[in-house]
Amino acid sequence: NAHGMVATSSWAGWFADLATLPGSAIGALAGSDVSFPTAEGLIVVREEPRQPKAQLGGVTSRAHCATSGRDFDLRRLSIGAAKGGFITLRALQVLERTIELQQAAGRHSHVQRCYAQVLENTGKAHWRLLLCEASNNDLAAFLAAQGGRLDAKDAAGFGQQLAFGLDHVHSRGIL
């Protein structure tokens, strides 16, 4: 369909389809395909070979779906193993809550949408990859281009966008 998803009739069908696809979630590190199950079907993306950006407890890079031609943000959240080779319960709970809130935010023009997530455990690390709506604006880059300052009009515009997004997440019981 338009989102680059392969329709399946059931979860069992989705698992059977997934087994035939190349790569895994962690394979995105090497540029292979990553498959994300969604309510509408499967979205398959490939991470673009550019430097990921550290952001909110993880790194974010751009991924592209060849089927639909759409770009997505691929947000990689991870927690490493604590001393002794174990992941702490607290770190896992923080990671789980971050993902729950991102997905609970739903759809709104002023909130980045999260389409799906996949889990990957590799060695002593626990990874979650979130497939999110592509963010085409970067406040830090905008500020740098403005010499680190905002004029009143830009500040009011950003404030209004933030207020719209906060209103939406409040309406969803978040914050």
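Here, every reference points to the structure presented above.
Residues numbered from 1 in each chain as written. Predicted model: local features only at pLDDT ≥ 70, side-chain atom pairs only at ≥ 80, totals over all residues. Heavy atoms only, no water.

1. Things to note about helix α2 (residues 89–104)
Stage number 1. Across its 16 residues, α2 extends 22 Å between first and last C-alpha, which sits within 8% of the 22 Å expected from 1.5 Å per residue.
Stage number 2. For α2, the set of buried residues is L95, I99 and Q102. Along the long axis of α2, the arc covered by the buried residues comes to 65°, so they all point the same way. Opposite the buried face of α2, at more than 90 degrees from it, the exposed residues are L89 and R90.
Stage number 3. Of the surrounding elements, those touching the buried residues of α2 are β6 (71–79), β7 (114–122) and β8 (125–133). (Helix = DSSP H or I, 4+ residues; strand = E, 2+ residues; numbered from the N terminus. Expected span 1.5 Å × (residues − 1). Buried < 20%, exposed > 50% of the residue type's maximum accessible area, 1.4 Å probe, protein only. Arc of directions from axis to C-beta. Contact = heavy atoms within 4.5 Å.)

2. Side note on the pattern of salt bridges
Stage number 1. This structure, assessed with the given rule, holds 5 salt bridges.
Stage number 2. One salt bridge in this structure joins E47 and R76, with 3.0 Å as the shortest N-O distance. Highlighted residues: E47 in strand β3 (residues 41–47) and R76 in strand β6, separated in sequence by 29 residues.
Stage number 3. Residue R76 is classed as buried on the basis of its relative accessible area of 4%.
Stage number 4. Where R128 meets E96, a salt bridge forms, and the shortest distance between an N and an O atom there is 2.6 Å. (Salt bridge = Lys/Arg side-chain N within 4 Å of Asp/Glu carboxyl O.)

3. Some thoughts on the nonpolar core
Stage number 1. Core analysis: the biggest nonpolar cluster contains 15 residues, and V34, F36, I43, V45, F72, L129 and L131 have the highest contact counts within it.
Stage number 2. A per-element tally of this core places β8 first, with 4 residues.
Stage number 3. Counting 7 residues, the second-largest nonpolar core is a separate cluster that includes L77, L95, I99 and L130. (Core = buried A, V, L, I, M, F, W, Y, C linked by side-chain atoms within 4.5 Å.)

4. Let's talk about the environment of L175
Stage number 1. Mapped onto the elements, L175 comes out in the segment after α4 (152–171).
Stage number 2. The class of L175 is exposed, set by a relative accessible area of 75%.
Stage number 3. Measuring from C-alpha to C-alpha, the distance between L175 and L101 comes to 9.5 Å, with 74 residues separating the pair along the chain.

5. Let's talk about α4
A turn of α-helix holds 3.6 residues, and therefore any two residues three or four places apart point the same way.
Stage number 1. Its 20 residues give α4 an end-to-end C-alpha distance of 28 Å, which sits within 8% of 28 Å, the value for a rise of 1.5 Å per residue.
Stage number 2. Buried residues of α4: G165, H168 and V169, and no others. Projection of α4 onto a plane perpendicular to its axis shows the buried side chains occupying an angular sector of 100°, all on one side. Across from the buried face of α4, at angles greater than 90 degrees, the exposed residues are A152, K153, D167 and S171.
Stage number 3. Between a side-chain oxygen at the N-terminus of α4 and the backbone nitrogen of K153 the separation is 3.2 Å; the capping residue is D151.
Stage number 4. Downstream of α4 by one or two residues, G173 has phi in the positive range, about 80°. (Polar contact = N/O pair within 3.5 Å; in protein donor to acceptor, adjacent residues only side chain to side chain.)

In short, shape yes, function no, at least from these values alone.
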